[in-house]
Protein chains: 2
Amino acid sequence: MRTTLYASEDIARIVAGVGLNRLMDETIDAIGAACRDAAAGQFHVPVRAGFEYDTPRTGLVEWMPAMHLGERIVIKVVGYHPHNPVVSAAPTILSSVLVLDPASGHLSSVLDGTFLTALRTGAASALATRHLAHPDATRLGLVGAGAQAVTQLHALSRVLPLTGVRVFDVDPATAAGFAARVAPLALDGLTIETTTLAGVVDGAHVLCTATSVDLGAGPVVSDEGLHPAVHVNAVGSDFPGKTELPLALLERALVVPDFRAQAVREGECQQLADAAIGPDLCELVNAPDAFAHHRNGPTVFDSTGFALEDYAVAVLLTRYGESLGCGQSVALESLGADPKNPYGFLDALAAAPAARRAAT
Amino acid sequence: MRTTLYASEDIARIVAGVGLNRLMDETIDAIGAACRDAAAGQFHVPVRAGFEYDTPRTGLVEWMPAMHLGERIVIKVVGYHPHNPVVSAAPTILSSVLVLDPASGHLSSVLDGTFLTALRTGAASALATRHLAHPDATRLGLVGAGAQAVTQLHALSRVLPLTGVRVFDVDPATAAGFAARVAPLALDGLTIETTTLAGVVDGAHVLCTATSVDLGAGPVVSDEGLHPAVHVNAVGSDFPGKTELPLALLERALVVPDFRAQAVREGECQQLADAAIGPDLCELVNAPDAFAHHRNGPTVFDSTGFALEDYAVAVLLTRYGESLGCGQSVALESLGADPKNPYGFLDALAAAPAARRAAT
C-alpha cells in the first residue's frame, strides 16, 4: 500500500502534458459530470467546517470532505489568509488534498490543492455561466483582480466568445498587473482594460466578483448601471458576514448557489429567504432547459466553494498523473508484515536493529 | 514554503533515534502537557465527524482537527475498517496527519498517522492509568489481542510494575500470536498467558478492552469477577452503538472520558446520564489529588480517541524528525513568484515552456 504524492512540479508536468486549456475544458466537464452523479444520490458532501481566528493573524482553515460511495473519499484542507500576499508573498488561498480508498481507508494520493482550487473555482463559474449568461454575452467585468480573477477569465474564455474585459481592484497595482498575469494564456482578440468600478459594471454581460472584502463591509457592487441580463459569478462571498452583491440585485435575479446548505451560511444566499433562492448548481446542470428563460434577465451564481468540485478535479488530476507517470510513490503508512503488530514496520526497515536495541 | 513528509521509513528512523521506550514515555508526558495547555483555553478541538458506510465494505473515515491557537493546526484523517486484516493484510486502523501553520495556512508537514495513533492510544491509557489504577496494581488483563493491545501493554508497562498479563481474543490465533508480537519489547519479568475471558478478568488490577465488537453486541465484559479496585481502559468503544463495558460497572465506577462531548456520542458514556460521568482526562490530569481516593474503587477510562492526543504526538514526532534530520522536503503547494498568479508556478519550473505552448 503506497501513496502517490503529486507535488507542485508533478502538477506542472500534468498541465504540460494535457495543456492548460484542455485541462480547464475537462475540469468544467468533470464538475458537470459530478453534478449528474450527485443527482443520482452517489455523493455525500457535508457542509464544511473549520477554524477561524485572529491569532497570529486573521485566518481560516477549513476541511472539505466529499465521498463518492464505494469509489473514493476526497478531503481538501484549505486556508484563507488575506494577509499572505503582503506578509509572506504567498497566495491568500493555500490548499492540499487527500484521496482515500473507502474499501480500506488507505491514503492513495496526496496532492497540491492550491492550483486545484484556483482551477475548479474558475471552472465552476464557467459551468454556471454556460447555463445562465445571455447567449450573446461577450463583455466581461472583473471586480477584484487577484489570483481568482486569473482563473475566472481563463475559464470564462473557454465558454464565451469574449471580446473585452474590464478590470477593477481596490489596489491599483493589482489591477495594473492583471494583464501581464494573463498574457501567457494568449487570449487572442480580447482587449483588457483597467478602469473604475463603475466602468467595469457598465455594459458588462458577465461580472465576476472575487474580492477580499471585510466582513460586514459589502456589497462591493451597487445595484446601479447593471446590464438588464447581467450574469454575476459571486466568488468572494464564502464566509458568514462576507457578501459582495446588493440585496436588490439578488431579489431580482435567479440565484443559483453551488451548495445550498453552505451558501445560506457563507454565501450571498445569507441575504435571502429560502424561497428566494433558485436551483443549486447540480439542479441547474441536470435540467438547464427548465431555467433557460432566465438568461434574458439577471442571474447570479453564488460560489462558496463546493467539495464536489474538488472531488471532480482531484480525480481528473490524479488520473492524468497516473497515465502520464507523474507523481512520487511513497510508503507513507507504517505497515509491517503483520496487521496486528503496530511496531512491525520497525522490523521491516533497515532501521530495525537500532530501534530494537533502543526499545530494550 | 516547503512541506516535510514523514513516511514510514522516516518514522522508523525517529523511533530508532529516540528509542521506543523513551518515545512512549515522552508521548505520555506530552499528552499530559497538552491537557494542561488545554485547561488554559489555548486549544480548539471540535468533536470529530466522518463518513460511515457499508459499501464496498463496512468502514468509517473520520477527520480529527485540533488547533493550538497561534501555534499549529493538526488534522488527522483516520480510517476504521475491521475487515482489513483479513481482506488486505492491512491494519484495521490506517491514518495520516497534516500539520499546518495558522499564520499562513501553509502545510508544514505530512506524516504517517498509523503508528502515531497506536502510540497515542496506548499513551492515553497509561496517563489515565497512572492517575486511576490502584497504586499496587501489577496484574493486567487484555480483552482483545489485536494491534491496539500491543501498545496498551507497552504503554502500561511504562507506568506500572507489571508482573503478569493475561490475554483473551475471540480469535484464538490472534491471542496465540500476541506474545510473539510483544517479544521485541523485552518486557523482562513479565509472564504472558493466553486464557479464557473469565480468566483474564479474574484477579486483574487493570483491564484493557480493545475489541472490534459489533454495534449493539456489547458488553464484551460482564460485571462478574472483577477486582474491587479494577481500573479499566475501554479503548474499543468509539462509535455510536458500540460499547464494551456493562452498565452496572459504569454506574459503580469513576468514569473518565478522554473527550466528554465525543464520549457521550461514541464511547462508554453513551450508556450514562451526564451526572454519572466523572471528570474528563484533562480535568483529571490537572487535579489528580482531587480524584486520588477513587483509586481504591473501580475506575474506567473511556477512550474514544482525542484529537488533542494526536496533536501532542504529531508535535513530538515532527520535532524529533527535525532534530534528527529525518523527513523529506517537498514543494507540495503550487507557488509561483507572484502570489496573485495561480499559473505562475508553471513558469517557475522546468516544465514551463511546454505548459505555455499547450495553453495557446
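For clarity, every value in this text was computed on a predicted model and none was experimentally measured.

**Q** Looking at this model, I keep getting lost on the pairing of strand 9 (residues 164–168) of chain A. Mind explaining?
**A** Successive side chains on a regular strand alternate, one facing one side of the sheet and the next facing the other. Residues and elements named next belong to chain A. Direction of pairing for strand 8 (residues 139–143) relative to strand 9: parallel, over a ladder of five bridges. Residue L140 lies in a different strand from strand 9, and its bridge partner there is V165. Handedness of the strand 8-helix 5 (residues 147–157)-strand 9 crossover: right-handed. As paired strands, strand 9 and strand 10 (residues 191–194) are joined by four bridges and run parallel to one another. In the strand pairing of strand 10, V167 is matched with T194.

**Q** Just to check I follow, could you spell out the interface of chain A and chain B for this structure?
**A** Interfaces are often sized by the accessible area lost when the parts come together. Facing the 91 residues of chain A at the interface are 91 residues of chain B. Contact with chain B buries area across many residues of chain A, yet F51, K340 and Y343 of chain A alone supply 10% of it, more than any other trio. A salt bridge links D171 of chain A to K340 of chain B, with the shortest nitrogen-to-oxygen separation between them at 3.9 Å. A per-element tally of the side of chain A that touches chain B places helix 1 (residues 8–18) of chain A first, with seven residues.

**Q** Honestly, the relation of the copies chain A and chain B in this entry has me stumped. Any pointers?
**A** After a rotation of 180° and a shift along the axis of 0.0 Å, chain A superposes on chain B with an RMSD of 0.0 Å. Such a combination of turn and shift is consistent with a two-fold rotation axis. In terms of C-alpha distance to the rotation axis, chain A has W63 of chain A as its closest residue, with the C-alpha 4.2 Å off the axis.

**Q** Explain the environment of T27 of chain A here, please?
**A** Residue and element names in this part refer to chain A. Mapped onto the secondary structure, T27 falls in helix 2 (residues 20–39). Sequence separation between T27 and L316 is 289 residues, and the spatial gap between their C-alpha atoms is 7.4 Å. Within polar-contact distance, the side chain of T27 engages the backbone oxygen of L23 at 2.7 Å.

**Q** Just to check I follow, could you spell out the sheet that holds strand 9 (residues 164–168) of chain B for this structure?
**A** Paired through their backbone hydrogen bonds, the strands of a sheet run either parallel or antiparallel. All names here are of chain B. Taken in spatial order, the seven strands make up an open sheet running 10-9-8-11-12-14-13, and their pairing is parallel. Of all the strands in the sheet, just strand 10 (191–194) and strand 13 (254–257) have a single pairing partner and so form its edges. Taken over all neighbouring pairs, the strand axes of this sheet differ in orientation by 15° on average, direction set aside. Its contacts with the sheet put helix 5 (residues 147–157) on strand 8 (139–143), strand 9, strand 10, strand 11 (206–209) and strand 12 (231–234), and the angle it makes with strand 8 is roughly 165°.

**Q** Please clarify how the pattern of salt bridges should be interpreted in this entry.
**A** Working definition: two side chains of opposite charge can pair if their charged atoms are close together. Residue and element names in this part refer to chain A. According to the stated counting rule, one finds 31 salt bridges over all chains in the structure shown. The closest approach of N and O atoms between D29 and R130, which form a salt bridge, is 3.7 Å. With D29 in helix 2 and R130 in helix 4 (residues 114–132), this residue pair connects regions lying 101 residues apart in the sequence. Among the residues examined, D29 registers a relative accessible area of 45% and is labelled partly exposed.

**Q** Explanation requested: the packing of helix 4 (residues 114–132) of chain B against helix 12 (residues 307–324) of chain B in the structure shown.
**A** Helix-helix packing is described using two parameters, namely the angle between the two axes and the distance between the axes. All names here are of chain B. Where helix 4 meets helix 12, the axes come as close as 10 Å, and the angle between the chain directions of the two elements is 120°. By the angle between their directions, the pair helix 4 and helix 12 is classed as oblique. Both helix 4 and helix 12 take part in a crossing whose hand is right-handed. On the side of helix 4, the interface is formed by L116, L119, R120 and A124, while helix 12 contributes E309, D310, V313, A314 and L317.

**Q** Please clarify how the packing of aromatic side chains should be interpreted in this entry.
**A** Aromatic ring pairs: the centre-centre distance and the angle between the two ring planes describe each pair. As enumerated under the stated definition, the model contains 10 aromatic pairs over all chains in all. Where F43 of chain A meets Y311 of chain A, the ring centres are 4.9 Å apart and the plane angle is 90°; that geometry is what we call edge-to-face. In this pair, F43 of chain A sits in strand 2 (residues 43–44) while Y311 of chain A sits in helix 12 (residues 307–324), placing the two residues 268 residues apart along the sequence. Given the relative accessible area of 12%, F43 of chain A is considered buried. With relative accessibility at 4%, the residue Y311 of chain A sits in the buried group. Ring geometry for F259 of chain A and F306 of chain A: centres 4.8 Å apart, planes at 25°, overall stacked. Taken together, the residues span a long stretch of sequence, with F259 of chain A in the loop between strand 13 (254–257) and helix 10 (260–266) and F306 of chain A in the loop between strand 14 (299–302) and helix 12 at a distance of 47 residues. The two residues F259 of chain A and F306 of chain A agree in class, both being buried. One aromatic cluster in this structure is built from F115 of chain A together with Y343 and F345 of chain B.

**Q** Before we go on, may I ask you to explain helix 12 of chain A in this structure?
**A** Side chains of residues three or four places apart in an α-helix project in the same direction, reflecting 3.6 residues per turn. All names here are of chain A. The end-to-end C-alpha distance of helix 12 is 25 Å, a good match for the 26 Å that 18 residues give at a rise of 1.5 Å each. Within helix 12, 14 of the 18 residues are buried, which leaves the element mostly enclosed by the surrounding structure. At the C-terminal side of helix 12, G325 shows a positive phi close to 70°.

**Q** So what exactly am I meant to see when it comes to unusual backbone geometry here?
**A** Outside of glycine, negative phi angles account for most residues, and trans bonds account for most peptide bonds. Of note, the bond from G218 of chain A into P219 of chain A is cis; its omega dihedral lies within 30 degrees of zero at 0°. Tracing the chain through its elements places P219 of chain A in the loop between strand 11 (206–209) and strand 12 (231–234). Cis geometry marks the peptide bond from T55 of chain B to P56 of chain B; its omega dihedral reads 5°. Positionally, P56 of chain B belongs in the loop between strand 3 (49–53) and strand 4 (59–68). In this structure, A186 of chain A is a non-glycine residue whose phi angle is positive, near 50°. Residue position: A186 of chain A is located in the loop between helix 7 (178–182) and strand 10.

**Q** So what exactly am I meant to see when it comes to the sheet that holds strand 8 of chain A here?
**A** Residues and elements named next belong to chain A. A sheet is described by the order of its strands in space; here seven strands give the open sequence 10-9-8-11-12-14-13, paired in parallel fashion. The sheet is open, and its two borders are formed by strand 10 and strand 13, each paired with just one other strand. Taking the axes of each pair of neighbouring strands and ignoring which way they run, one obtains an average angle of 15° across the sheet. Summarising the sheet, strand 8 and strand 11 pair through four bridges and their orientation is parallel. Directly across from G141, in strand 11, lies its bridge partner L207. Across the sheet, helix 4 is in contact with strand 11, strand 12, strand 13 and strand 14; its angle to strand 12 comes to roughly 160°.

**Q** When you look at the nonpolar core in this model, what are you seeing that I'm missing?
**A** If you look at soluble globular proteins, the nonpolar side chains tend to sit buried side by side. In terms of nonpolar packing, the biggest core is built from 81 residues, with L23, F115, L140, L142, L153 and F178 of chain A together with Y343 of chain B touching the most fellow members. Per element, the largest residue contribution to this core is 10 residues, and it comes from helix 12 of chain A. Aside from chain neighbours lying at most four places away, what touches L153 of chain A is L140, L142, L162, V165, F178, V182, L187, L190 and I192 of chain A. The next biggest cluster of nonpolar side chains, apart from the first, holds 76 residues, and it includes Y6, V182, V315 and Y320 of chain B.

Cut-offs and rules
Residues numbered from 1 in each chain as written. Chains lettered and ligands numbered in written order. Predicted model: local features only at pLDDT ≥ 70, side-chain atom pairs only at ≥ 80, totals over all residues. Heavy atoms only, no water. Pairing = 2+ DSSP bridges. Helix = DSSP H or I, 4+ residues; strand = E, 2+ residues; numbered from the N terminus. Right-handed = clockwise from strand over helix to strand, strands pointing away. Contact = heavy atoms within 4.5 Å. Buried area = accessible area lost by both parts, 1.4 Å probe. Salt bridge = Lys/Arg side-chain N within 4 Å of Asp/Glu carboxyl O. Least-squares fit on C-alpha atoms with pLDDT ≥ 70 in both. Polar contact = N/O pair within 3.5 Å; in protein donor to acceptor, adjacent residues only side chain to side chain. Axes fitted to C-alpha atoms, helices over the stretch in contact; angles between N-to-C directions. Buried < 20%, exposed > 50% of the residue type's maximum accessible area, 1.4 Å probe, protein only. Parallel < 35°, antiparallel > 145°, perpendicular 65-115°, else oblique. Left-handed = near helix turned anticlockwise from the far one by under 90°. Phe/Tyr/Trp six-rings, centres within 6.5 Å; stacked < 30°, edge-to-face > 60°. Expected span 1.5 Å × (residues − 1). Core = buried A, V, L, I, M, F, W, Y, C linked by side-chain atoms within 4.5 Å.

In short, the description is geometric, and any link to function would need to be established separately.
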